[in-house]
Amino acid sequence: MFIFGVCGCCGALRPRYKRLVDNIFPEDPEDGLVKANMEKLTFYALSAPEKLDRIGAYLSERLSRDVARHRYGYVCIAMEALDQLLMACHCQSINLFVESFLKMVRKLLESDKPSLQILGTNSFVKFANIEEDTPSYHRSYDFFVSRFSEMCHSSYEDPDIRTKIRMAGIKGLQGVVRKTVNDELQANIWDPQHMDKIVPSLLFNLQSGERTESRSPSPLQATEKEKESPVELTERCFRELLGRAAYGNIKNAVTPVLMHLDNHSLWEGKTFAVRCFKIIMYSIQSQHSHLVIQQLLGHLDANSKNSATVRAGIVEVLLEAAAIAASGSVGPTVLEVFNTLLRQLRLSVDYELTGCYDGSTNIGTKIIKAHEERQLQEAVIRTIGSFANTLPTYQRSEVMLFIMGKIPVPGVHPALSSKDSGPEGTRMIQVMLLKSLVQVTAGFDTTNMLTALPTSFLEPLLSFSLTEDPEIRLLVLQILLSLIDRHDNAPKFLNVSIISDISVLKLKVDKCSRQDNLFMKKHGQQLYRHIYLGCKEESSGQQHYEALFALLGLLSMELANEEVVVDLIRLALALQDLALSTDEALPVFNRCAIHAVAAAYLNLICQLTTVPAFCQHIHEVIELRQKETPYLLPEDVFIENPKLPSSLEKVEGEVLFLQSKITEVLGGSGYNTDRLATPYVPQYTDEDRLSKRKSIGETISLQGEVESRNSPEKEERTPAEEITFETLKNAIVDSVGMEEQERERRRQVVEKFQKAPFEEIAAHCGARATLLQSKLNQIFEITIRPPPSPSGTISSGYGQTQSRSVPIYEMKFPDLCVY
């Protein structure tokens, strides 16, 4: 027992690894690590790796004692020795040594002394950069995540030391991520419990910077001064974290960002939120972009009843994210993206009109500011356009159809707005969705007009050009211009003027393709008709006539063959007749504007056809107008204060374009003279009836259709009434009253199905079904007689036959019933 105690006191008899460890410490800690002895210790550890864990434990023991005694010089030497051993040894036994090392790092991080915290962090960062040969099954980094996150929020009094502590915390978090992200055996750093600490810590330091613009996707090498900035270091760390995120981890990384922006009211400023998501979108893999966008959309839905400024902030972030995602993928749920945005548009309109979020007027409801809701609506519309610009042509066509299907048409489609917002809400939704379509169709490029403007899209769009609302009509014209303009000619037509030589416009023309010819054969008459009716509107202003002229010009440039050119010339002459007609009671400005549009278009088309005699006639009329009636030309009409006469009763003779003259000169050049000589008359359809534009003839024909549909049998119809002067007079007087009666009847039917109890509606429908079935049974009984029975008796009706009827295989059926 005495001998063993002596051995413990005698340095020479101590274990070799302890003597080697002791020898690396100098007498004066200022002298630093004894390098020669450190080399001996390293060589020994490499030669006898089984001793490595004991070396680590002994170093840890000495370091703990020095920390307790405040001998910080020796603490630094011990950590340097641990670092060097860690860098040199990658053997099978390193796991136990690492445990001792992490224990000491933890001891330093728990210290209140900033220098020790920074020292421990630096050692951990060195360790994090080591790729270990053997995995560890039980190592935990929970403490380090929590402690480094706490250091990121340091509030130390000295600003310089506070900055150093925060930077150490950021470096520590970066080290934890590097160490754990690629090791499947480690604790999952992407778990919410870790991300909820790491991400807010990084955002806290990112926010402390005063920069307003994010760096490029791959930031250039920063200067030495920038490297010392916590903001620069934080951004690099944040980018690295996001760059390592796999498909399943994106959500856990982005959710804390959303929560941080919510908790600190950072959506309203928009600058920081946009900057954060620019970093996110540029850092993640491009094929994961749609995941971030989906999260933003979900967050927008979750904040549906939040203030307009918050929702506008989220929408602005979406706008920026969509622009960046253009190089990647918006994802498979494209229509869901637009559905969410359109739903927010509808809610915003309801909020603006009702003044509250829940449809009630409780005292506790938030005050809604109309101008903020308007700003939100404009932001949503811009975002819809931004999303659409990232899509290929076929998907953009689907989006156009999707939005068109959402536009409410009173009496046809259900209104999207709530009952509280009323008709004004429906009108605002129509305007907003058409503005969205303007954004979606901007820059739309396609070679085939049949696919760009399918019937399912064009017909409902054109029906809106017949409404009484001038704003809606103008939006429809803008959409048509975007879709038809494939060579950027539209801006050259927006200024209505008489140009003596159109070559200065530098118009781009391609040969009309077979698909374009088919499109005009199918839809040309609809387009002409809507141009004519658009000019006829009393509420049309300068912008409407400029857009209508641009539409005429684009049809001539993009979709014109010889037949289309003839139709367009006939249409221009019909517009001139419309302006001359006294039956329409159009204001003087509208009539002058129609004359001006017809003149400007004929001046354009005559130069495109290059028929000298045609050009000569048009130029002669224009020159005469410039001298005698300048108010019939665009230069005197489409100005701020148009120079208009009090009436247009004396417009006649040589200041008018003559259909006979034009037919003569174009016929000599091979154009269809019969077609040219036939005045253009617009075809009226059901759309006009829906838009309250019934003529007398239509009213009579509509009455005839209603009578023919309502008559049960032809035989019972009364003889046709002879049409006399009195008949026409009665039709004129009664047409307005019949319209009102029909409108009231429809309103009552719609109101009944909206407000009546379900039982009453079911009983009504059931009664009609029973009546229908009885009528069918009567018809079947009359037309399909059962076969005679062998006894000569006849089968009774309603399918009930006598017992002695002919077997089915002996019945003789008509030839048409046999397959």
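Throughout this document, residue positions are counted from 1 along each chain, in the order its sequence is written. Note on the predicted model: pLDDT of at least 70 is required for a residue's local features to be given, and 80 or more for side-chain atom pairs to be given and counted; whole-chain, interface and lining totals, by contrast, use all residues. Heavy atoms from the whole structure form the basis of all side-chain values; hydrogens and water molecules are not counted.

1. Thoughts on the overall build of the chain
The condition that has to hold: Under the DSSP-based scheme used, a helix requires at least four consecutive residues in state H or I and a strand at least two consecutive residues in state E, with every element numbered from the N terminus. Think of it in three bands: with a 1.4 Å probe and only protein chains considered, a residue is buried below 20% of the maximum accessible area for its type, exposed above 50%, and partly exposed in between. Residue contacts are defined here by distance: any two heavy atoms, one from each residue, within 4.5 Å place the two residues in contact. Accessible surface is estimated by sampling points in the Shrake-Rupley manner with a 1.4 Å probe; for residues, cover comes only from the protein chains shown.
Secondary structure summary: the chain contains 36 helices and 0 strands in total. Relative to its full complement of 819 residues, the chain shows a buried share of 46%. Nonlocal contacts in the chain, meaning residues at least 24 apart in sequence, comprise 73% of its contacts between residues at least 6 apart. When the accessible area of the chain is evaluated, it comes to approximately 42,700 Å², of which 53% is carbon and sulfur surface.

2. Thoughts on the packing of helix H15 (residues 289–302) against helix H17 (residues 334–354)
Defined as follows: An axis is simply a line fitted to the C-alpha atoms; with a helix, the fit covers only the stretch in contact. Between two such axes, the angle follows the N-to-C directions and lies from 0 to 180 degrees. Angle categories are assigned with fixed cut-offs, so that under 35 degrees is roughly parallel, over 145 is roughly antiparallel, 65 to 115 is roughly perpendicular, and the rest are oblique. Crossing handedness is read from the near helix: turned anticlockwise from the far helix by less than a right angle, it gives a left-handed crossing, and turned clockwise, a right-handed one.
With their axes 10 Å apart at the nearest point, H15 and H17 run at an angle of 25 degrees to one another. The pairing of H15 with H17 is recorded here as roughly parallel in orientation. Note on packing geometry: the crossing formed by H15 with H17 is left-handed. Here Leu 297, Leu 300 and Asp 301 of H15 lie close against H17, whose contacting residues are Val 337, Thr 340, Leu 341, Arg 343 and Gln 344.

3. Looking at the nonpolar core
So the rule is basically this: Nonpolar cores were defined as sets of buried Ala, Val, Leu, Ile, Met, Phe, Trp, Tyr and Cys residues, with membership established by side-chain atoms within 4.5 Å. For the purposes of this description, domain bounds are those given by an automatic or database domain assignment.
Among the nonpolar cores identified, the biggest contains 225 residues, and Leu 59, Phe 238, Trp 267, Phe 277, Ile 569 and Phe 614 are the most heavily contacted of them. Composition of this core by domain shows at least three residues from each of domain 1 (1–131) and domain 2 (480–688). Beyond its immediate stretch of four places on either side in the chain, Phe 277 contacts Val 254, Val 257, Leu 258, Leu 261, Trp 267, Val 292, Leu 296 and Val 317.

4. Overview of the pattern of salt bridges
Rules: Here a salt bridge means any side-chain nitrogen of Lys or Arg lying within 4 Å of a carboxyl oxygen belonging to Asp or Glu.
Here the structure, examined in full by the defined rule, presents 22 salt bridges. When the shortest N-O distance is used, the salt bridge between Glu 110 and Arg 106 registers 3.5 Å. The exposure class of Glu 110 is partly exposed, given its relative accessible area of 45%. The class for Arg 106 is partly exposed, based on a relative accessible area of 40%. Residues Glu 378 and Lys 435 are paired through a salt bridge, measuring 3.7 Å at the closest nitrogen-oxygen approach.

5. Quick word on a negative patch on the surface
For clarity, the cut-off: What goes into a patch is any residue over 30% in relative accessible area without a salt bridge, connected to like charges within 9 Å or, for nonpolar side chains (Val, Leu, Ile, Met, Phe, Trp, Tyr), within 5 Å. When charges are tallied, Lys and Arg are placed among the positive residues and Asp and Glu among the negative ones, while His and the ends of the chain are skipped. For this purpose, a charge sits on NZ of Lys, CZ of Arg, CG of Asp or CD of Glu.
Taken together, the side chains of Glu 620, Glu 623, Glu 628 and Glu 654 define an acidic patch exposed on the protein surface. Positionally, Glu 628 belongs in helix H29 (residues 612–628). For Glu 628, a relative accessible area of 52% gives the class exposed.

6. Considerations on the packing of aromatic side chains
Heads up, the rule is: Two aromatic rings from Phe, Tyr or Trp, using only the six-membered ring of Trp, form a pair when their centres are within 6.5 Å; if the ring planes differ by under 30 degrees the pair is stacked, by over 60 it is edge-to-face, and anything between is tilted. Charge-over-ring contacts are defined here by two conditions on Lys NZ or Arg CZ: a distance within 6 Å of the ring centre and an angle within 35 degrees of the ring normal.
With the rule as written, the count across this model stands at 12 aromatic pairs. Judged by centre distance (6.2 Å) and plane angle (75 degrees), the ring pair of Phe 124 and Tyr 141 falls under edge-to-face. Here Phe 124 is found in helix H7 (residues 114–128), whereas its partner Tyr 141 is found in the loop between H7 and helix H8 (142–152), with 17 residues between them in sequence. Overall, Phe 124 belongs to the buried group, its relative accessible area being 0%. Ring centres 4.9 Å apart and planes at 25 degrees place the aromatic pair Phe 124 and Phe 144 in the stacked group. A residue pair is termed long-range when its members are at least 10 positions apart, and Phe 124 in helix H7 and Phe 144 in helix H8 qualify at 20 residues. For the pair shown, Phe 124 and Phe 144 are each scored as buried. Pairwise contacts between aromatic rings join Phe 124, Phe 127, Tyr 141, Phe 143, Phe 144 and Phe 148 into one cluster. The ring of Phe 143 carries Arg 106 above its face, with NZ or CZ at 4.3 Å from the centroid. Just above the ring of Phe 127 sits the side chain of Lys 179; from NZ or CZ to the centre is 4.4 Å.

7. Regarding helix H3 (residues 35–47)
Which entries qualify depends on this criterion: To estimate the expected span of a helix, subtract one from its residue number and multiply by 1.5 Å. An arc is given here, and it is the one of the directions from the helix axis to the C-beta atoms.
If you check H3, its first and last C-alpha atoms are 18 Å apart, about what 13 residues at 1.5 Å a residue would give, namely 18 Å. Those residues of H3 that sit buried are Asn 37, Met 38, Leu 41, Thr 42, Tyr 44 and Ala 45. Angular distribution of buried residues about the axis of H3 spans 160 degrees; they occupy a single face of the element. The exposed residues of H3 that point more than 90 degrees off its buried face are Lys 35, Glu 39, Lys 40 and Phe 43. The secondary structure elements touched by the buried residues of H3 are helix H2 (16–23), helix H4 (52–68) and helix H5 (72–88).

8. Observations regarding the packing of helix H12 (residues 230–243) against helix H14 (residues 271–283)
The criterion, for reference: Here the term charged refers only to Asp, Glu, Lys and Arg, the term nonpolar to Ala, Val, Leu, Ile, Met, Phe, Trp, Tyr, Cys and Pro, and the term polar to all other amino acids, Gly among them.
Packing of H12 against H14 leaves a shortest axis separation of 8 Å and a crossing angle of 45 degrees. Taken together, the axis directions place H12 and H14 in an arrangement best described as oblique. Crossing geometry of H12 relative to H14 is assigned as right-handed. Contacts between H12 and H14 involve Val 231, Glu 235, Phe 238, Arg 239, Leu 242 and Gly 243 on the former and, on the latter, Arg 275, Ile 279, Ile 280, Tyr 282 and Ser 283. Taken together, the residues of the contact of H12 with H14 sort by class into 6 nonpolar, 2 polar and 3 charged.

9. Topic: a nonpolar patch on the surface
Together, Leu 772, Leu 776, Ile 779 and Phe 780 line one region of the surface with nonpolar side chains, adding up to about 360 Å² of accessible area. For Leu 772, the location among the structural elements is in helix H36 (residues 758–783). Taking relative accessible area as the criterion, Leu 772 reaches 53% and is therefore assigned exposed.

10. Side note on the side chain of Ser 348
Our working definition: As used in this structure description, the phrase polar contact means that two N or O atoms lie within 3.5 Å; if the pair is within protein, one of them must be able to donate a hydrogen and the other to accept it, and residues adjacent in sequence are counted only when both atoms belong to side chains.
Looking at where Ser 348 falls in the secondary structure, it is placed in helix H17. A polar contact is formed between the side chain of Ser 348 and the side chain of Gln 377, at a distance of 3.0 Å. Apart from the residues within four sequence positions on either side, Ser 348 is in contact with Arg 311, Glu 373, Leu 376 and Gln 377.

11. Observations concerning the confidence of the model for the chain
As a reminder of what qualifies: The pLDDT score gives, residue by residue, the confidence of the prediction method on a 0 to 100 scale.
Averaged over every residue, the pLDDT of the chain is 79; the share at 70 or more is 77%. Ranking the helices and strands of the chain by mean pLDDT puts helix H13 (residues 250–263) first, with 94, and helix H34 (residues 696–710) last, with 38. Between residues 413–418, whose pLDDT stays under 50, and residues either more than four places distant or in other chains, the model counts 19 contacts.

12. Observations concerning the side chain of Ser 386
Examined against the element boundaries, Ser 386 turns out to sit in helix H18 (residues 370–389). According to the relative accessible area criterion, Ser 386 is buried, its value standing at 12%. Aside from chain neighbours lying at most four places away, what touches Ser 386 is Leu 319, Ala 322 and Ala 323.

13. Re unusual backbone geometry
The phi dihedral of Ser 265 is positive, around 50 degrees, even though this residue is not glycine. The phi torsion at Thr 610 lies on the positive side, around 55 degrees, for a residue other than glycine. Among the secondary structure elements, Thr 610 is positioned in the loop between helix H28 (588–609) and H29. Residue Thr 610 is classed as exposed on the basis of its relative accessible area of 60%.

14. Some remarks on the environment of Ala 550
As for its position among the elements, Ala 550 is in helix H26 (residues 542–558). Classification of Ala 550 by relative accessible area gives buried; the value is 0%. Separated by 60 residues in sequence, Ala 550 and Ala 490 place their C-alpha atoms 6.3 Å apart. In this structure, Ala 550 is in contact with Leu 481, Phe 493 and Leu 494, ignoring residues within four places of it in sequence.

15. A word on the environment of Asp 196
Residue position: Asp 196 is located in helix H10 (residues 192–207). Exposure remark for Asp 196: the relative accessible area of 46% places this residue in the partly exposed category. Between the alpha carbons of Asp 196 and Met 259 there is a distance of 9.1 Å; along the sequence they are 63 residues apart.

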